[in-house]
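Observations on chain architecture
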Number of protein chains: 2
Amino acid sequence: MLDPTKLADWQIAEEAERSMKSVSRLAADWGILDAELLPYGHHLGKIDYASVLDRLKERPNGKYIDVTAITPTPLGEGKSTTTMGLVQGLAKRKGGVSGAIRQPSGGPTFNIKGSAAGGGLSQCIPLTPFSLGLTGDIDAVTNAHNLAMVAVTARLQHEAINTDEFLAKRGLHRLNIDPTNVSMRWVIDFCAQSLRDTIIGLGGKTDGFMMRSGFAISVSSEVMAILAVFTSLRDLRERIGRIVVAYDRQGKPVTTRDLEVDGAMTAWLMRASNPNLLQTMEGQPVMVHAGPFANIAVGQSSIVADQVALKLSNYHVTESGFGADIGFEKFWNIKCRVSGLKPNCAVIVATVRALKMHGGGPRVVPGKPLDVAYTEPNPALVEKGIVNLLAHIETVKKSGINPVVCINHFHTDSPEEIAIVRRAAEAAGARVAVSQHWLKGGEGALELADAVIDACDEPSDFKLLYEDSLPVRARIEKVAHEVYGADGVSYTPEAKAKAEAIETDPSMQQFATCMVKTHLSLSHDPSLKGRPSGWALPIRDILVYSGAGFIVPVAGDIKLMPGTSSDPAFRRIDVDVDTGRVKGLF
Amino acid sequence: MLDPTKLADWQIAEEAERSMKSVSRLAADWGILDAELLPYGHHLGKIDYASVLDRLKERPNGKYIDVTAITPTPLGEGKSTTTMGLVQGLAKRKGGVSGAIRQPSGGPTFNIKGSAAGGGLSQCIPLTPFSLGLTGDIDAVTNAHNLAMVAVTARLQHEAINTDEFLAKRGLHRLNIDPTNVSMRWVIDFCAQSLRDTIIGLGGKTDGFMMRSGFAISVSSEVMAILAVFTSLRDLRERIGRIVVAYDRQGKPVTTRDLEVDGAMTAWLMRASNPNLLQTMEGQPVMVHAGPFANIAVGQSSIVADQVALKLSNYHVTESGFGADIGFEKFWNIKCRVSGLKPNCAVIVATVRALKMHGGGPRVVPGKPLDVAYTEPNPALVEKGIVNLLAHIETVKKSGINPVVCINHFHTDSPEEIAIVRRAAEAAGARVAVSQHWLKGGEGALELADAVIDACDEPSDFKLLYEDSLPVRARIEKVAHEVYGADGVSYTPEAKAKAEAIETDPSMQQFATCMVKTHLSLSHDPSLKGRPSGWALPIRDILVYSGAGFIVPVAGDIKLMPGTSSDPAFRRIDVDVDTGRVKGLF
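Remember, it's a predicted structure, so these values are computed and weren't measured experimentally. (Residues numbered from 1 in each chain as written. Chains lettered and ligands numbered in written order. Predicted model: local features only at pLDDT ≥ 70, side-chain atom pairs only at ≥ 80, totals over all residues. Heavy atoms only, no water.)

It is worth spelling out the overall build of chain A at this point. For chain A, the helix and strand inventory stands at 21 helices and 24 strands. For 586 residues, the compact-globule formula gives about 25 Å, and the C-alpha radius of gyration of chain A, at 23 Å, lands near that figure. Overall, the C-alpha framework of chain A stretches about 80 × 55 × 50 Å when taken along its three principal axes. Counting only residues that meet the buried cut, chain A has 65% of its 586 residues in that class. Here the analysis covers contacts within chain A between residues at least 6 apart in sequence; of these, 74% occur between residues at least 24 apart. Summed over its atoms, the accessible surface of chain A is roughly 19500 Å², and 52% of this surface lies on carbon and sulfur atoms. If the 62 positive side-chain charges of chain A are averaged to one point and the 65 negative ones to another, these points end up 1 Å apart. (Helix = DSSP H or I, 4+ residues; strand = E, 2+ residues; numbered from the N terminus. Rg over C-alpha atoms; globule rule 2.2 N^0.38 Å. Buried < 20%, exposed > 50% of the residue type's maximum accessible area, 1.4 Å probe, protein only. Contact = heavy atoms within 4.5 Å. Areas by Shrake-Rupley, 256 points an atom, 1.4 Å probe, with all protein chains shown as cover. Lys, Arg positive; Asp, Glu negative; His and termini not counted. Charge placed at Lys NZ, Arg CZ, Asp CG, Glu CD.)

Residues and elements named next belong to chain A. Splitting chain A by domain gives domain 1 (9-135 + 274-457), domain 2 (142-269) and domain 3 (472-555). Domain 1 and domain 2 are separated by 35 Å when their C-alpha centres are compared. Contact with domain 1, which involves 23 residues of that partner, is made by 16 residues of domain 2. Interface of domain 1 and domain 2: buried area, both sides summed, is about 1400 Å²; carbon and sulfur atoms make up 73% of it. (Domains from an automatic or database assignment. Buried area = accessible area lost by both parts, 1.4 Å probe.)

Time to look at the UniProt feature "binding site: ATP" (unreviewed entry) in chain A. Residue and element names in this part refer to chain A. According to UniProt, the positions carrying the feature "binding site: ATP" (unreviewed entry) are Thr73, Pro74, Leu75, Gly76, Glu77, Gly78, Lys79 and Ser80. Take proline 74: it is sitting in the loop between strand 3 (63-69) and helix 4 (79-93). According to the relative accessible area criterion, proline 74 is partly exposed, its value standing at 27%. Beyond its immediate chain neighbours, meaning those up to four positions away, proline 74 contacts Lys113, Val364, Pro366 and Leu520. One can find serine 80 in helix 4. Given the relative accessible area of 8%, serine 80 is considered buried. (UniProt positions renumbered as here; feature names shortened; annotations may be inferred.)

Further remarks concern the sheet that holds strand 21 (residues 536-545) of chain B. All names here are of chain B. Strands sit in the order 19-21-22-20 across an open sheet of four strands; the sheet is mixed. On the outer flanks of this sheet lie strand 19 (488-491) and strand 20 (512-513), each paired with one strand and no other. Sheet analysis places strand 19 next to strand 21, joined by four bridges and oriented parallel. Bridge assignment links tyrosine 491 to a residue of strand 21, and that residue is isoleucine 539. (Pairing = 2+ DSSP bridges.)

Take chain A, turn it by 180 degrees, move it 0.0 Å along the axis, and it overlays chain B with an RMSD of 0.0 Å. A rotation of that kind, with that shift, is consistent with a two-fold axis. Across chain A, the smallest distance between a C-alpha and the rotation axis is recorded for A:Tyr40, namely 2.2 Å. (Least-squares fit on C-alpha atoms with pLDDT ≥ 70 in both.)

The next thing to look at is the interface of chain A and chain B. Listed by partner, the interface residues are 77 residues for chain A and 77 residues for chain B. Of the roughly 6500 Å² buried between chain A and chain B, counting both surfaces, carbon and sulfur atoms make up 62%. Seen at the junction of chain A and chain B, the total is 45 residue pairs in polar contact (both at pLDDT 80 or more). Among the secondary structure elements, those contributing two or more residues to the side of chain A that touches chain B are strand 1 (37-39), helix 7 (137-161), strand 7 (186-188), strand 8 (198-200), helix 10 (233-241), helix 11 (262-269) and strand 23 (574-575) of chain A. Here the side of chain A that touches chain B takes 10 residues from helix 7 of chain A, the largest share from any one element. Per-class residue counts for the side of chain A that touches chain B are 38 nonpolar, 22 polar and 17 charged. (Polar contact = N/O pair within 3.5 Å; in protein donor to acceptor, adjacent residues only side chain to side chain. Nonpolar A, V, L, I, M, F, W, Y, C, P; charged D, E, K, R; others polar.)

This paragraph deals with helix 4 (residues 79-91) of chain B. Residues and elements named next belong to chain B. The end-to-end C-alpha distance of helix 4 is 18 Å, a good match for the 18 Å that 13 residues give at a rise of 1.5 Å each. Helix 4 sits mainly inside the fold: 12 of its 13 residues count as buried. For helix 4, the full list of buried residues reads Lys79, Ser80, Thr81, Thr82, Thr83, Met84, Gly85, Leu86, Val87, Gln88, Gly89 and Leu90. (Expected span 1.5 Å × (residues − 1).)

All names here are of chain B. Where helix 10 (residues 233-241) meets helix 11 (residues 262-269), the closest approach of the two axes is 9 Å, and the angle between their N-to-C directions is 135 degrees. In terms of their interaxial angle, helix 10 and helix 11 are classed as oblique. The handedness of the crossing between helix 10 and helix 11 is right-handed. Counted together, Leu236, Arg237, Ile240 and Gly241 of helix 10 and Asp262, Gly263, Met265, Thr266 and Leu269 of helix 11 form the full contact between these two elements. Classifying every residue of the contact of helix 10 with helix 11 by side-chain character gives four nonpolar, three polar and two charged. (Axes fitted to C-alpha atoms, helices over the stretch in contact; angles between N-to-C directions. Parallel < 35°, antiparallel > 145°, perpendicular 65-115°, else oblique. Left-handed = near helix turned anticlockwise from the far one by under 90°.)

A few words on the sheet that holds strand 20 (residues 512-513) of chain A. All names here are of chain A. One open sheet accounts for four strands, arranged 19-21-22-20; its pairing is mixed. A strand with exactly one partner marks an edge of an open sheet, and here the two such strands are strand 19 (488-491) and strand 20. In the sheet, strand 21 (residues 536-545) pairs with strand 22 (residues 550-555) via six bridges, with the strands oriented antiparallel. Bridging from a neighbouring strand, leucine 543 pairs with valine 552 of strand 22. Sitting on the sheet, helix 20 (residues 472-484) is in contact with strand 19, strand 20, strand 21 and strand 22, with an inclination near 135 degrees to strand 19.

Let us look at the nonpolar core. Within the largest apolar cluster, 224 residues are counted, with the highest numbers of intra-cluster contacts made by A:Phe550 and B:Phe550. Sequence-distant contacts of A:Phe550, defined by excluding residues within four places in its chain, comprise A:Ala225, A:Val229, A:Val298, A:Ile334, A:Phe511, A:Ala512, A:Cys514, A:Leu543, A:Val544 and A:Tyr545. Counting residues in each nonpolar core, the second largest holds 59 residues, with A:Tyr64, A:Leu310, A:Ala480 and A:Ala555 among its members. (Core = buried A, V, L, I, M, F, W, Y, C linked by side-chain atoms within 4.5 Å.)

Of all eight residues that make up helix 11 of chain A, eight are buried, and the element is covered over most of its length. Taken residue by residue, helix 11 of chain A has A:Asp262, A:Gly263, A:Ala264, A:Met265, A:Thr266, A:Ala267, A:Trp268 and A:Leu269 as its buried positions. Those residues of helix 11 of chain A hidden inside the fold are in contact with helix 7, helix 9 (222-229) and helix 10 of chain A together with strand 23 (574-575) and strand 24 (582-583) of chain B.

Now for the pattern of salt bridges. Residues and elements named next belong to chain A. In total, this model carries 82 salt bridges over all chains according to the counting rule given. A salt bridge links glutamate 500 to arginine 473; its shortest N-O distance comes to 3.9 Å. Placement of glutamate 500 in helix 21 (residues 493-503) and of arginine 473 in helix 20 is noted, with a sequence separation of 27 residues between them. Look at glutamate 500 and you get partly exposed, because its relative accessible area is 36%. (Salt bridge = Lys/Arg side-chain N within 4 Å of Asp/Glu carboxyl O.)

Attention shifts here to the pairing of strand 18 (residues 431-435) of chain B. Remark: a regular strand shows side chains that alternate across the two faces of the sheet. All names here are of chain B. Extensive coverage of strand 18 is indicated by the burial of four of its five residues. As paired strands, strand 17 (residues 402-408) and strand 18 are joined by five bridges and run parallel to one another. Among the inter-strand pairings, asparagine 408 is bridged to a residue of strand 18, identified as serine 435.

Before going further, it helps to examine the packing of aromatic side chains. Applying the stated rule across the entire model yields 18 aromatic pairs over all chains. Ring centres 5.5 Å apart and planes at 80 degrees place the aromatic pair A:Tyr49 and A:Phe230 in the edge-to-face group. Of the two residues, A:Tyr49 sits in helix 3 (residues 49-55) while A:Phe230 sits in the loop between helix 9 and helix 10, which places them 181 residues apart along the sequence. The buried category is assigned to A:Tyr49, whose relative accessible area is 5%. Ring centres 6.1 Å apart and planes at 35 degrees place the aromatic pair B:Phe328 and B:Phe331 in the tilted group. Pair noted here: B:Phe328 and B:Phe331 are both in helix 13 (residues 324-339), with a separation of three residues, about one helical turn. Comparing B:Phe328 with B:Phe331 shows no difference in burial state: the two are buried. Among the aromatic side chains, those forming a connected cluster through ring pairs are A:Tyr64, A:Phe328, A:Phe331 and A:Trp332. The ring of A:Phe166 carries A:Arg170 above its face, with NZ or CZ at 3.6 Å from the centroid. The aromatic ring of A:Tyr484 is capped on one face by A:Lys517, whose charged end is 4.7 Å from the ring centroid. (Phe/Tyr/Trp six-rings, centres within 6.5 Å; stacked < 30°, edge-to-face > 60°. Lys NZ or Arg CZ within 6 Å of the ring centre and 35° of its normal.)

Below is the structure:
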C-alpha cells in the first residue's frame with residue numbers, strides 16, 4: 001500500500017492511475033449505456049443525464065448522504081478526502097456506491113488551497129484533468145457569462161454613437177441601459193485581485209463605452225449557479241434568458257433575453273450541462289459537476305449529477321462546500337428545495353486541529369508551519385472548541401436528518417482529544433466515527449461507513465428551514481439566528497432599500513436565498529472562532545440572480561474575486577517533458 | 001443530395017452528421033492506433049502527436065498543399081470551404097487524403113464572420129463542437145496566458161506593499177517591474193472592444209496595483225502562436241518559459257520564468273498540444289488545431305497537426321489565413337521555416353465577387369445585401385480587379401512552388417467573367433480550375449483536384465524569402481516590397497527605436513518576422529483595393545514575442561482586439577430545447 005506520509009498527493013494519484021478503470025468499464029459497471037457515455041480520453045467522460053433520467057424514471061432512488069463540516073481552518077478539514085474515503089468505505093460494505101463533488105476552480109488550484117481532489121489514499125482520479133479544467137465546464141460558464149458582458153457593453157457603445165434609425169435597420173430598439181447600473185461583472189477563473197475594480201472602454205468612440213466595471217471569479221457567476229440547480233434543458237434555457245445584466249435609465253431590468261444573447265449563452269452550455277464521470281482511487285464512480293465556493297456562491301455540485309447517481313446507486317454521497325452553516329444550509333434550503341430530493345443523513349467532518357483553533361489556538365496560516373498547539377496534545381483547547389461542532393450538529397438536526405460526526409484522524413491526535421469529541425457529539429445526539437481514510441483508504445473508513453449505513457436506516461423527517469412565502473428579511477433573520485447564531489441582522493441603507501423592493505416584487509417571491517458569508521467563522525467576521533455570541537449579521541448588499549432564481553444577501557466584507565497570495569501554488573506546478581506528466585498539483 | 005441554395009450551413013451539417021463516421025473508425029481508417037486516439041465524445045477526438053510522429057518517423061511525407069486566397073471581401077471568399085472541397089475532391093482521385101484548418105475563434109463565431117467550417121456541401125463536421133470551443137484548446141490558451149497576467153499583477157501588488165524580508169521568506173526577490181511597461185495584456189476570446197483599453201487595480205492596497213492595461217483577443221496571444229509553431233513538448237516548455245511579460249525599471253525583460261509561472265502555464269497546455277481530429281462531410285480526416293487570424297497573429301494551424309497528417313496521408317491540404325500577402329507569407333516564412341517542411345503547391349482561392357470589388361465595385365458590407373454589381377455580370381470590373389490575383393500568384397511563385405488558382409464558383413458568375421480570370425491567371429503561369437464544391441461537394445471539385453495533383457507532380461523549388469541573418473528592418477522592407485508591393489517603409493520613432501534595439505540584440509537574431517497588417521488590402525489601408533501602388537508601409541510598433549520567437553511589426557491602425565458589431569451573430573444562435581441541437585451557427 002502507498003504511504004501518504006511519504007508521498008505527495010499527486011504522486012499517489014499517479015500511482016493509482018496506473019491501474020484505474022477505463023471510463024467505458026466504469027460507466028458500464030455503473031449501469032450507463034454506451035450511447036449515454038461521452039468519453040473524454042480513456043479515463044473520464046460526460047454522462048447524458050437526460051437519457052439516464054428518462055430511462056430510469058421509474059427506478060427508486062438510493063440513499064442520499066451529504067458531507068459537510070465544522071467551520072474549517074484556512075487549510076480545509078478534509079471534506080473532499082472524507083467524501084472519497086466514505087465512498088470507498090461504503091463500497092466495502094454495500095454494492096452500488098457513488099460520490100459527487102464540485103469541479104475545482106482555477107483560483108485555488110493555482111493559489112493556496114489546491115484543487116481539493118481529496119488527499120492521501122482517498123482521492124478522485126485522474127488528478128491532472130480534474131485539476132486543469134476537466135472537460136471545460138468552467139470555461140463554458142466563463143464564456144457564456146462574458147458573452148453577456150460583450151453584448152451589454154457593445155450595445156452601450158452602439159446606442160451611444162448611432163441614431164434610432166440606424167438601430168432600427170438592424171431590428172434593434174434603444175434599451176437605454178444605465179452605465180452606472182450594469183449589475184453584472186466579467187468573470188475569469190483565477191484569483192485576480194487586480195481585475196476586481198476597473199475602468200473599461202477607454203479610448204475613442206469605437207473603443208467601447210467608458211464605465212466602471214470589474215471581474216469576479218467564474219465560479220461565483222450566476223451562470224455557474226444555474227448549472228448547479230437546473231433540472232432540464234428547457235429549465236436551463238429559461239433560466240439563462242432571465243439573467244438581469246443591467247438596469248435601464250428608468251430602473252427597469254435589462255436581461256440576457258433583451259440583449260438577444262440568451263440563446264448563444266445556452267449553446268455554450270450544452271456540453272457543460274452533462275455531468276463528468278471520474279472515479280475514486282478504489283474504482284467507485286464519482287460525478288464531478290458545477291461550482292465550488294459555498295461562501296460566495298451556491299457551492300454545490302449539480303442537481304442533475306445527484307439525480308443520475310441516485311438512480312444508479314444504492315448509496316450516493318454528495319459534498320456541499322465548507323461548514324454546515326453555509327454549504328449544508330444551501331444544500332438543505334436551495335439544492336433540495338429545487339430538486340425535491342430528500343437526503344437521509346449528513347456527515348459533519350471535524351478535525352482536532354480545527355476544534356483547537358475554535359478553542360482559542362493560534363492563527364492557522366497557509367504556508368506557515370503549524371504551531372505546537374496543533375501538533376502536540378492539548379485537550380483543553382479541544383474541549384473549549386467543541387462548541388463549534390455542536391452548532392453544526394444542531395444545524396443538521398434542524399433539517400430533520402441524522403448527523404454523523406466524522407473525526408478525520410491525524411496522527412498527532414491523542415486518544416484523550418478524540419474521546420472529548422466523541423463524548424460531546426454523542427451527547428448532542430450524533431453518531432460518531434473516527435476515520436483514517438487519508439492514511440488507509442476505504443479500509444480506514446469502515447467505522448464511518450457503518451455509522452452512515454445505520455443513520456440512513458433510521459427514519460428521518462427532512463424539512464426546509466423556511467417556506468417559499470417567507471419575506472426575504474425574515475428569511476435572512478431566520479438563517480442568521482437559527483444557523484449562524486446571530487442575535488440580529490443589520491442592513492446598510494442600500495441593502496434595506498433592495499430588500500424592500502424585493503419584498504414588494506411578486507416575480508421574486510419564489511426565489512431561494514443564497515447567503516454570501518465568510519466560511520472561516522459562523523459569523524460574518526473571519527476572526528471570530530468557536531461559536532460567537534452577542535453579534536448581529538451586517539448585510540452590506542443584496543444581489544438578485546433572476547436566472548438562477550436566487551436572492552443573494554452579502555454579509556460583511558467578503559469579495560467575489562479572491563486575491564492571489566505572495567506564495568501561490570503555480571510556482572510549484574510543472575510538466576515533466578520526458579513523460580508528459582504534470583507535477584505539483586494537490 | 002442536399003441543396004445548399006435552399007438550406008443553411010448548419011442545417012446541411014446536421015444532415016451530414018447523421019451518417020458521419022465515429023471518431024474511432026475515422027482514426028483507425030487513417031492509420032492511428034487506438035492508444036493514440038483520445039476520443040471527445042463519439043465523433044471527434046485528440047491525437048497523441050508525439051506517439052504518431054515517433055512511430056512513423058521513417059515514413060516519407062505525403063504531398064503538402066497550402067490553400068490561400070486573393071485579398072478577400074469582409075465576407076471571406078470561401079477558403080475553408082475550398083479546403084474541405086479540395087480534400088473531398090482529391091479523395092475521389094487518390095487514397096490517403098486529409099486536411100487541416102485552424103480552430104475558429106469565439107470572436108467571429110458570435111460576431112459577423114461565423115466559425116468558418118466551410119459551407120454548403122464542403123464543411124468540416126461536427127459543426128456544433130467545432131464552433132463552440134471544440135476540445136477547449138483556445139480556453140487553455142486563454143487560461144495559460146491570463147495566468148501569466150495574474151502572476152505579474154499579483155507580484156506588482158505584493159512587491160508594492162511588502163518588505164524585502166517578507167518577500168525573502170517566500171523565496172522571492174524583488175523584480176522591480178515597471179508598471180508602465182507591462183507589455184503583455186489579458187486575453188478573452190470574444191470581440192470585446194470595451195476591454196481594449198482599461199485601468200485595473202482600483203480600490204485599496206489589497207485590490208491589485210493600479211495601472212493601465214487591456215485585453216486582446218485570445219487567438220492573437222503569444223501562447224496561441226506558440227501552440228501553432230512548437231514541435232515537441234520540450235520545445236513547448238522552453239518557449240513558454242521565454243515569454244516576456246513586462247520590463248523592470250532598468251528596462252530588462254521580466255519573463256514567465258522570472259515569475260515562476262511557466263511550468264503551470266505549460267501544464268494548462270498539455271491537452272491542448274494534441275491536435276483535434278474531425279472530418280469532412282464526405283468522411284476524410286481533418287485536423288483542427290491552433291489559431292486563426294493571419295492579420296493579427298500567425299494565422300496557421302499547427303505544425304504538429306501537419307506533421308502527423310503528412311505521415312498518414314498521400315495528400316495533405318492545409319489552410320493559411322486570409323490572402324497570400326499575410327497567411328501564405330507566414331506559412332512560407334514562419335511555419336515552414338520552423339517545421340522544415342517543404343510544400344508542393346499552393347491553391348489561391350479567387351471569387352468573381354472579390355475581383356469586382358478590387359476592380360472598383362461598391363463597398364461590400366456584411367449583413368447588407370450585395371450591390372447589383374456583384375449579382376449581375378460585369379466583366380469590366382473583373383478585368384480591372386484581376387491585378388489583385390496577379391499579385392498573389394507572383395507571391396506564391398516567389399516561394400518556388402506551383403500556384404493553382406481556384407475560381408470558387410457562384411451561380412451569379414458569367415462564363416465571360418470566368419474566362420477573363422482563367423486567361424489572366426494562365427498567362428501569369430498558374431494552373432486554373434473552376435470549382436463547384438460549395439454546390440456539389442467533392443464531385444464539384446474534381447477539376448481543382450486534378451490541377452492540384454498535376455501541380456504536385458511538377459518539380460518545385462521551395463525557398464524562404466529571407467535568411468535568418470537578415471536584420472529586422474531589411475526583412476520588413478523585403479516583405480513590404482516583394483509581397484505587399486510597397487515603395488518603402490516608414491517607422492514611428494517608437495518603432496524605430498525598437499527596431500534598433502532588436503537589431504543589436506544577439507538573442508533575437510533567429511526570430512521570425514510575423515507581420516500584423518489588415519487582410520482587407522495588400523497595403524495597410526483596408527480601403528485600398530486592387531493592387532495599390534505608390535505607397536509606403538507605416539510601422540507603428542514592433543512587439544517581441546520571445547517565447548514564440550517572433551518579431552511582430554504592426555502596420556497601420558489594426559487592433560489586437562476587434563469590436564462586436566451592432567448586428568452580431570449571437571442574436572441568431574439558439575438551442576432547440578426538444579432536441580438539444582444548436583441552431584444558427586455558420
